[in-house]
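Here are the chains, one letter per residue:
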Amino acid sequence: ARQSWGYQDHNGPEVWHELFPLANGDRQSPIAIKSSEVKYDPFLRPLSFSYDLTSPKVILNCGYAFSIECDDTEDRSVLRAGPLKGSYRLRQLHFHWGPTDDYGSEHTVDGLEFAAELHVVHWNSEKYPCFVDAAQQPDGLAIVGVLVKAGEHNSPLQKVINVLDVIKTKGSQVAFTNFDPSSLFPESLDYWTYHGSLTVPPLLESVIWIVLRQPITASSEQLATFRSLLCSAKGEPACCLLSNCRPPQPLRNRHVRAFFH
Ligand SMILES: CNS(=O)(=O)c1c(F)c(F)c(SCCN)c(F)c1F
Ligand SMILES: [Zn+2]
């Protein structure tokens, strides 16, 4: 069968459109945020979230990233307000990164690339019965994006990094609970918001993006641990997951709104 998608030259973001035509859609993510072109929207509200420490259940290496998967069978961890109507249930969180500390975020701000980016994924549990259905709808998902700058050691992140050696190969997973995803948020919850998509195939255009203005930091050693994960399964020739970031996509007929002046 044809190689599935990935991040190498032969199967990376530049050729995803061959298998996933939505790659050339008109509300693709990520985007390059230009602060001079965003519009302050006085009707945007502060973000409101409440996360239950026991929602996270496992951490897994899915081959193109590692993710902390949460129990989303009931409304225990939700995101509300901000640009959203109704409440969105926490599903999972994961990171994107690059081969060096110089780039690896997906969203960029005024041309600035960050070392990595955290995505906290939620789905509209008021309107849709499950994540898979919500992911097909224009208002189905809400993802909080947090930019990660290389710098100071990040101690809440270290709890996640400590288990990465146990999920080195694609398909491996380990129990991971008693964790508060908001421990990874920066102090300011100022955000930009726009309508976009998943940034991996199938690139579904179902995401209300909420990108926090203030980056968090992680040390170079912590970022290097991300790159030591393997995109190969156990028993296969080892290949490191050096980068899993999609470059910015055309804004087309979209506006980015700011919660702050
Ligand atoms: C925005 N980042 S992303 O890479 O496109 C991405 C993922 F990696 C995800 F894993 C999920 S959850 C669906 C799988 N269980 C998601 F909604 C999502 F949008
Ligand atoms: Zn992501």
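Small disclaimer: the values here were computed from a predicted structure and weren't measured. (Residues numbered from 1 in each chain as written. Chains lettered and ligands numbered in written order. Predicted model: local features only at pLDDT ≥ 70, side-chain atom pairs only at ≥ 80, totals over all residues. Heavy atoms only, no water.)

Draft legend 1. Quick look at the pattern of salt bridges. Taken as a whole, this structure holds nine salt bridges when the rule is applied. A salt bridge links arginine 257 to aspartate 41, with the shortest nitrogen-to-oxygen separation between them at 2.7 Å. One end of the pair, arginine 257, is in strand S15 (residues 257–258); the other, aspartate 41, is in the loop between strand S2 (39–40) and strand S3 (47–50), and 216 residues separate them in sequence. Owing to a relative accessible area of 13%, aspartate 41 belongs among the buried residues under this scheme. (Salt bridge = Lys/Arg side-chain N within 4 Å of Asp/Glu carboxyl O. Helix = DSSP H or I, 4+ residues; strand = E, 2+ residues; numbered from the N terminus. Buried < 20%, exposed > 50% of the residue type's maximum accessible area, 1.4 Å probe, protein only.)

Draft legend 2. The arrangement of the state of the cysteines in detail. Applying the stated rule across the entire model yields one disulfide. With no disulfide of its own, cysteine 70 has cysteine 62 as its nearest cysteine by sulfur position, at a separation of 14 Å. A relative accessible area of 9% means that cysteine 70 is categorised as buried. The thiol of cysteine 130 is unpaired, and the distance to the nearest cysteine sulfur, on cysteine 70, comes to 16 Å. (Disulfide = S-S within 2.5 Å.)

Draft legend 3. Structural detail: the coordination of the zinc ion (ligand 2). In the first shell of the zinc ion (ligand 2), the protein supplies His94 (NE2), His96 (NE2) and His119 (ND1), at 2.0 to 2.1 Å from the metal. Given four donor atoms and angles of 97 to 125° at the metal, the environment of the zinc ion (ligand 2) is assigned as tetrahedral. Sequence spacing of the donor residues for the zinc ion (ligand 2), all on one chain, is H-x1-H-x22-H. With histidine 96 in strand S7 (residues 87–97) and histidine 119 in strand S9 (residues 116–124), the pair connects residues that are 23 residues apart, well separated along the chain. (Donors = N, O, S within 2.8 Å, 3.2 Å for Na, K, Ca; no water. Tetrahedral: all angles 85-135°; square planar, octahedral: opposite > 155°, others 65-115°.)

Draft legend 4. View of the pairing of S9. The element S9 is largely enclosed, with a buried count of nine among its nine residues. The alternating pattern of S9 places Ala116, Leu118, Val120, His122 and Asn124 on one face and Glu117, His119, Val121 and Trp123 on the opposite face, and all of these are buried. Examined bridge by bridge, S9 and strand S10 (residues 141–150) share eight bridges and lie antiparallel to one another. Residue histidine 119 lies in a different strand from S10, and its bridge partner there is glycine 145. (Pairing = 2+ DSSP bridges.)

Draft legend 5. Molecular detail of the site of ligand 1. Taken together, the residues surrounding ligand 1 are Tyr64, Gln92, His94, His96, His119, Val121, Phe131, Ile143, Leu198, Thr199, Val200 and Trp209. Between ligand 1 and the protein, one listed contact pairs a nitrogen atom with a side-chain N or O atom of histidine 94 at 3.2 Å. In the environment of ligand 1, an oxygen atom lies 2.7 Å from a nitrogen or oxygen atom belonging to the backbone of threonine 199. Relative to its free-state accessible area of 430 Å², ligand 1 is covered by the protein chains to the extent of 86%. (Near = heavy atom within 4 Å. Polar contact = N/O pair within 3.5 Å; in protein donor to acceptor, adjacent residues only side chain to side chain. Areas by Shrake-Rupley, 256 points an atom, 1.4 Å probe, with all protein chains shown as cover.)

Draft legend 6. Layout of the side chain of threonine 193. On the secondary structure map, threonine 193 appears in strand S12 (residues 191–196). A relative accessible area of 1% means that threonine 193 is categorised as buried. At 2.7 Å, the side chain of threonine 193 forms a polar contact with the backbone oxygen of tryptophan 209. Those residues within four positions of threonine 193 in sequence are excluded, and the remaining contacts are Leu44, Pro83, Ile208, Trp209, Ile210, His255, Val256 and Arg257. (Contact = heavy atoms within 4.5 Å.)

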